[in-house]
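Notes for the structure review
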Amino acid sequence: LIRRIYRILPALLTVIGLSTIAALVILTPRELVEYGRSAATASLSLSNVHFADVTSNYFSSNAKDAALLHTWSLGVEEQFYLLASLMMLIASRKRSIRLLAMLIGVVVAMTFAANILSVFVRGDLNNAFFLPTHRMWQTVLGALLAIAIFQKQGASDWLSRNSTELTLLSVLGIVFSFVGLSSDQ
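For the protein, the count of helices and strands is 10 helices and zero strands. For the protein, the sequential pattern of α-helices and β-strands runs α-α-α-α-α-α-α-α-α-α. Surface exposure of the protein reaches about 12500 Å², of which carbon and sulfur atoms provide 68%.

This part takes up the packing of aromatic side chains. Each aromatic ring pair is specified by the distance between its two centres and by the angle formed by the two planes. Inspection of every chain in the model, using the stated rule, returns five aromatic pairs. A centroid spacing of 4.9 Å and a plane angle of 85° characterise the contact between Phe112 and Trp137, whose relative ring orientation is edge-to-face. One end of the pair, Phe112, is in helix H6 (residues 97-121); the other, Trp137, is in helix H8 (residues 132-151), with 25 residues separating them in the sequence. The class for Phe112 is partly exposed, based on a relative accessible area of 37%. The ring of Phe129 has Arg135 lying over it, and the distance from NZ or CZ to the ring centre is 5.3 Å.

This paragraph deals with a nonpolar patch on the surface. A grouping of Phe112, Ile116, Leu117, Phe120, Val121 and Phe176 is seen on the molecular surface, where their side chains present a nonpolar patch of about 590 Å² in accessible area. With five residues, H6 is the single largest residue contributor to the nonpolar patch.

Turning our eyes to something else, we now look at the layout of surface pockets. Size it by volume and the second largest pocket reaches roughly 490 Å³. Lining the second largest pocket are 17 residues, with Phe80, Ala84, Met88, Ala143 and Ile147 positioned closest to its centre. Looking at the lining of the second largest pocket, the elements with two or more residues in it are helix H1 (2-26), helix H5 (72-94), H6 and H8. When residues of the lining of the second largest pocket are assigned to their parent elements, the largest contribution, six residues, is made by H5. When the residues that make up the lining of the second largest pocket are grouped by side-chain class, the tally is 14 nonpolar, one polar and two charged.

The next thing to look at is the environment of Val49. Turning to its location among the elements, Val49 is positioned in helix H3 (residues 47-54). Note: C-alpha distance between Val49 and Val76 (27 residues apart in sequence) is 8.8 Å.

Between H3 and H5, whose axes approach to 7 Å, the crossing angle comes to 125°. The orientation of H3 with respect to H5, classified from their angle, is oblique. The residues of H5 that touch H3, namely those facing Ser47, Asn48 and Val49, are Trp72, Gly75, Val76 and Gln79. Looking at side-chain class alone, the contact of H3 with H5 contains three nonpolar, four polar and no charged residues.

Applying the stated criterion to the full structure yields one salt bridge. Glu34 is paired through a salt bridge with Arg37; the nearest N and O atoms lie 3.5 Å apart. One end of the pair, Glu34, and the other, Arg37, are both in helix H2 (residues 29-43), three residues apart, so they sit about a helical turn from each other. Overall, Glu34 belongs to the partly exposed group, its relative accessible area being 27%. Among the residues examined, Arg37 registers a relative accessible area of 47% and is labelled partly exposed.

A few words on H6. Each full turn of the α-helix corresponds to 3.6 residues, which orients residues three or four apart in the same direction. Here H6 is 25 residues long and its end C-alpha atoms lie 35 Å apart, about the 36 Å a rise of 1.5 Å per residue gives. Here H6 has its buried residues at Leu100, Ile104, Val107, Val108, Thr111, Ala114, Asn115 and Ser118. Count one or two residues on from H6 and you reach Gly123, which has phi positive near 65°.

Another point: the environment of Arg122. For Arg122, the location among the structural elements is in the loop between H6 and helix H7 (125-130). In this structure Arg122 comes out as exposed when scored by relative accessible area, which is 56%. Not counting residues up to four positions away in its chain, the partners in contact with Arg122 are Ala114, Leu117 and His134.

Calculation criteria
Residue numbers run consecutively from 1 along every chain, following the written order of its sequence. In keeping with the predicted nature of the model, local features appear solely for residues at pLDDT of at least 70, side-chain atom pairs appear and are counted solely at 80 or more, and the whole-chain, interface and lining totals rest on all residues. Computation of side-chain values: all heavy atoms of the structure, hydrogens and water removed. Secondary structure elements are defined from DSSP: runs of H or I of at least 4 residues count as helices, runs of E of at least 2 residues count as strands, and each element is numbered from the N terminus. Exposure was quantified through the Shrake-Rupley algorithm and a 1.4 Å probe, taking into account, for residues, occlusion by the shown protein chains and nothing else. Pairing of aromatic rings covers Phe, Tyr and Trp, the last through its six-membered ring, and needs centres within 6.5 Å; plane angles under 30 degrees mean stacked, over 60 mean edge-to-face, and all others mean tilted. Think of it in three bands: with a 1.4 Å probe and only protein chains considered, a residue is buried below 20% of the maximum accessible area for its type, exposed above 50%, and partly exposed in between. By definition here, charges over rings are those cases where NZ of Lys or CZ of Arg is within 6 Å of the ring centre and within 35 degrees of the ring normal. A patch consists of residues exposed above 30% relative accessible area that lack any salt bridge, with like charges linked at up to 9 Å and nonpolar side chains (Val, Leu, Ile, Met, Phe, Trp, Tyr) linked at up to 5 Å. By convention in these notes, a salt bridge is any Lys or Arg side-chain nitrogen within 4 Å of a carboxyl oxygen on Asp or Glu. Of the grid points, spaced at 1 Å and generated over the protein atoms alone, those admitting a 1.4 Å probe that cannot get out make up cavities, while open sets with protein on both sides within 12 Å along at least five of seven lines make up pockets; any residue with an atom within 4 Å of a point is treated as lining. Grid points are joined across faces, edges and corners, and a volume is the space filled by probe spheres set on the points. As a working rule, the residues Ala, Val, Leu, Ile, Met, Phe, Trp, Tyr, Cys and Pro are called nonpolar, Asp, Glu, Lys and Arg charged, and the rest polar, with Gly in that last group. With axes taken as lines fitted to C-alpha atoms, and helix axes fitted only over the stretch in contact, angles between N-to-C directions fall between 0 and 180 degrees. Throughout this description, any angle smaller than 35 degrees is read as roughly parallel, any larger than 145 degrees as roughly antiparallel, any in the 65 to 115 degree range as roughly perpendicular, and the remainder as oblique. The criterion used for residue contact is that any of the two residues' heavy atoms lie within 4.5 Å. Expected helix span is given by 1.5 Å per residue-to-residue step, counting one fewer step than there are residues.

So yeah, pure geometry; function would need other evidence.
See below:
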């Protein structure tokens, strides 16, 4: 977590600083207030929560003018690292890999369920897109796959043997995202 902060924070602060200079010159006072909110939340790695609240979706007209909209993903990522660090700390205090596995399972199940409910029951694609409570399962499963690849001998062989199936699964995911979203969402 600390290494990520040292690597990402200088670039983030540079982007926010330069964007703020441009905002002071270009934006109206009303737009500057909204920009200030997005800059403050981006600085705290909470811009995803902010944009979930103030935009109707990532591609909406009110989102296209948000200078720091691209920082939403950093917010989700940093929130994941905080949660993952907390889960590992709890498991290490108890010295229980089983507890860690249980915590991971609970996070994956709960956030996947939140995503499905949000998209298919409530039709709320905005929260499903921006909020870690709906996306964390993706990051956790990606992290587990990375751990499996780097920690387990033969993982690269497994990936090679199953590359066709994995490619098909990836293409189906992309197709599903296009079919599942209409142009007005």
